[in-house]
Amino acid sequence: MELTQSNIKKILMDNLLYVVLLFMFVILIIISPAFLSWIVIRDILMQSSTRLIIALGCMFILIVAGADLSGGRVVGLAAVIAGSLAQSSTFYNKFFPMLPELPVIVPVLIAIGIGLLAGFLNGIIVAKLEVNPFIATLGIALVVYGFNCLYFNLPPNNSQPLGGFTKGFSALGGGATLGIPNIIIIAAVCTIIVYLFQRKTCLGKELFAVGGSKDAARVSGINVEKILVLAYSLAGALYGLGGVLEAARTGSATSTYGAGYEMDAIASCVVGGCSLMGGVGSVPGVVVGVLIFNVISYGLTFIGISSYWQNVFKGVIIICAVALDVRKNRKKN
Amino acid sequence: MGTPLLKINHISKSFPGVKALDDISFSVEKGRVHAVMGENGAGKSTLMKCIFGLYHPDEGDIILYGNKCLFSNTRQALDNGISMIHQELQNVPSQNVMENIWIGRIPYKKVISPLRITDEDKMYKDTLALFDKLNLDIDPKKAVKDLSVSTCQLLEIARAVSYNAKLIIMDEPTSSLTDKEAAILFSIIDMLIKSGVSILYISHKIEEVMQISNEVTILRDGTLVGTYKIKDIDSDFLIRSMVGRELTNRFPQRPQNPHLGDVMLKVSHLESAVPGSFSDISFDVKRGEILGIGGLVGAQRTELMESVFGLRPVKNGTIEINGEPVTIKSSGDAIKKKMGLLTEERARTGILGKLSITDNMLVVNQRYNLPRYRKNLIFLNNTLRKSDSREYTKDLSVKTPSIDTQISSLSGGNQQKVLLGRWLMLNPDILILDEPTRGIDVGAKYEIYLIMRKLTSQGKSIIMISSEMPELMGMSDRIMVMCEGHLSGIIDGKTATDEEIMKLASSY
């Protein structure tokens, strides 16, 4: 293809997300050349990891034309539950003083299971009771947060931050394998699994069909309710994993963990090309969406700009991304 | 005659994959009814939308009172004396009649400058005056959602007149009107003509056009066939010009010795779980047979067939396939019994608009024929999916740049072929087609008829709901006519007449 002016413009527009990410990187490097280092990139990827896992969950919801306001609170509950079950036997202030040290996999699976359950409930309420997803997940968010506070306040803990996690559990968030932080490896594996699921399985394709048109999907013999429950459940499980990693990464957990993460996740998905109308969304898009937000947070701190500005930038980016997307789609039709 | 009111000058307009209008020219004189006719997909609505500022023509000019004009929005068109009655109703159901009439132009009165409130009294008086002029008897304060469809249509007409336009475009205004209401419309048109207004009148109804218009422009597949004075032509000429070939060729030949096999589907005493829908419907379809289902709007034909397909709940009755009683509680059950359903509302219940042709075609088969598309325990074989999609796209001659093209960018006829492919892939024994050729151009229609004939020659059974009489009579072996949820009769398709069907369709 000849590189005429209009062609270049088209290539830039088609890959706008990558261009924006690259552009931000270049600007940051120009301002502060030290930005270009493995440590910085590693830190950004580590910070992005939990956010990415949560955003992937959110993507499922957006693809089926749903909404999920419970994400952050489910992350918080999963973090507290995992944390309470992952304390080392020598820690002085244990949540369950008599609990022996459990293998790492136990708190992880229980937390993911709790997340899955919360998502499943969301799905049932949306699909079977036909409650608007906005309201259904708002309700579940409150219920989940309420239970989390009750659990967190159980004696002898009485709402003190959890800590003293076992080495194995902390290694999920802080350890490294072959020099690559474990948390990045976990996020990468999740991303690949979600990508393959979405692109190469029948259920993955049916998520898009249901999101594109529930009525048409139903005529085509797709069990629409089942697919909706599946999407919310998968999202819940990913939120659960996100909570586990958040506790492991920070070495602590409180009932306020995860607050507001659902909004960040929705924003990342939308910037990454998911449509709030359903039927559209790609894993690479969501990955770049998450990275853009984390590069902004980290980069602005790195070059010494007030963190208050970060929110201003994020807000502007969300609006610009959607405004551009609308225009791009309009041209196509 | 001097300068024509409106001159269409070499207008062309393309959409991705289709040339909707190709070099169209004609003029509309002052105070005349100028009809525009053509089969579905001929480009009539596209042309009207170009004139009204909803679309931009790629080439050509629109000349109004001798001035070149291209409206970039409908506001400009309205301000320049063109108003339009759309094919689809454009009402705001939650508002009342007068608010709908004056939408965008609601009169205000000042309370304390700059605070303004709507001037209900003026609006009410203006509405009454307008209805008085048009001889309409509608309460201006009634909510639009409480009006019948035909009254809503009259409301649209009143609104179009209220702009004091010099040219009113009417896009199939009588499609939801009874004869009595159509007569009201014609008297309104008569009155408008006498006051010097011109009408661009789009209709499928030949008698209507012969009765009320002065000239007619005929379009076919986006090209201009010609503009004629009504007094110089007859209805046969109109039909021939629209279709582009003799009427005898509109349907493929019936097979010489049709071989109907055993009963494939037998429905007995079926009653809907929805009160007021259908009840006590019994019929059967044989192998190799096309059963047409005729009836007017509200006959519950779609509801019946969607119930048979498991999409709507049933209270009573039995369904047998190949002599065995079956329970169909969901579309999945029906598909497992080798049934397919091509729905009436293509945009809402047919296409998955955001997905590609391949994903649209495979959506049924990849689940109900899963072993075929499985590469291993988990993943689908995307190469096979694509090659199957490519094969059907070619066989059905779907016009598309690629099989990865988004289905919503195809024309209606090509979308319909993709959807047909979706069901053909499943190799169904019973195929239910609900208005299979609605909104499709003549060529694609004929291709769909050929596919239907091919399927029946393979011993498949087809149930075809259709509101087009010629289609019912040209394709069906038997025609079942419904009226208001009742079965009014089943007649032989080869000998059926319009009158016979119409009589049955209005027998309750």
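Residues numbered from 1 in each chain as written. Chains lettered and ligands numbered in written order. Predicted model: local features only at pLDDT ≥ 70, side-chain atom pairs only at ≥ 80, totals over all residues. Heavy atoms only, no water.

What follows is about the overall build of chain B. Check the secondary structure of chain B and you find 18 helices and 22 strands. The globule rule puts the C-alpha radius of gyration for 508 residues at 23 Å, and the 25 Å found for chain B is close to it. Counting only C-alpha atoms, chain B reaches 75 × 50 × 50 Å along its principal axes. Counting every position in chain B, which comprises 508 residues, the buried fraction comes to 53%. For chain B, long-range pairs separated by at least 24 residues make up 66% of all intrachain contacts whose partners lie at least 6 apart in sequence. Per element, the accessible surface of chain B, about 22700 Å² overall, is 49% carbon and sulfur. Put simply, chain B has 63 plus and 62 minus side-chain charges, and the middle of one group is 5 Å from the middle of the other. (Helix = DSSP H or I, 4+ residues; strand = E, 2+ residues; numbered from the N terminus. Rg over C-alpha atoms; globule rule 2.2 N^0.38 Å. Buried < 20%, exposed > 50% of the residue type's maximum accessible area, 1.4 Å probe, protein only. Contact = heavy atoms within 4.5 Å. Areas by Shrake-Rupley, 256 points an atom, 1.4 Å probe, with all protein chains shown as cover. Lys, Arg positive; Asp, Glu negative; His and termini not counted. Charge placed at Lys NZ, Arg CZ, Asp CG, Glu CD.)

You'll often see interface size given as the accessible area lost when the parts meet. If you check the domain split of chain B, you get domain 1 (6–249), domain 2 (251–338 + 428–508) and domain 3 (343–426). Each of domain 1 of chain B and domain 2 of chain B was reduced to a C-alpha centroid, and the two centroids are 35 Å apart. (Domains from an automatic or database assignment.)

All names here are of chain B. Within the structure shown, the criterion is met by 26 salt bridges over all chains. With a shortest N-O distance of 2.6 Å, Arg478 and Glu289 are connected by a salt bridge. Here Glu289 lies in the loop between strand S14 (281–286) and strand S15 (290–294) and Arg478 lies in strand S21 (residues 478–483), a separation of 189 residues in the sequence. There is no split in this pair, since Arg478 and Glu289 are both buried. A salt bridge links Asp429 to Lys460, with the shortest nitrogen-to-oxygen separation between them at 3.8 Å. In this pair, Asp429 sits in the loop between helix H15 (412–424) and strand S19 (430–434) while Lys460 sits in the loop between helix H16 (442–457) and strand S20 (461–465), placing the two residues 31 residues apart along the sequence. The buried category is assigned to Lys460, whose relative accessible area is 11%. (Salt bridge = Lys/Arg side-chain N within 4 Å of Asp/Glu carboxyl O.)

Another point: the interface of chain A and chain B. With 25 residues of chain A at the contact, the number on the chain B side is 30 residues. Both sides together, the interface formed by chain A and chain B hides about 2100 Å², and carbon and sulfur atoms give 58% of it. There are three salt bridges connecting chain A and chain B. Across the chain A-chain B interface, the total number found is eight residue pairs in polar contact (both at pLDDT 80 or more). Only helix H8 (182–200), helix H9 (202–212) and helix H10 (214–219) of chain A provide two or more residues apiece to the side of chain A that touches chain B. Among the elements that make up the side of chain A that touches chain B, the one with the highest residue count is H9(A) (six residues). Considering only residue class, the side of chain A that touches chain B consists of 11 nonpolar, seven polar and seven charged. (Buried area = accessible area lost by both parts, 1.4 Å probe. Polar contact = N/O pair within 3.5 Å; in protein donor to acceptor, adjacent residues only side chain to side chain. Nonpolar A, V, L, I, M, F, W, Y, C, P; charged D, E, K, R; others polar.)

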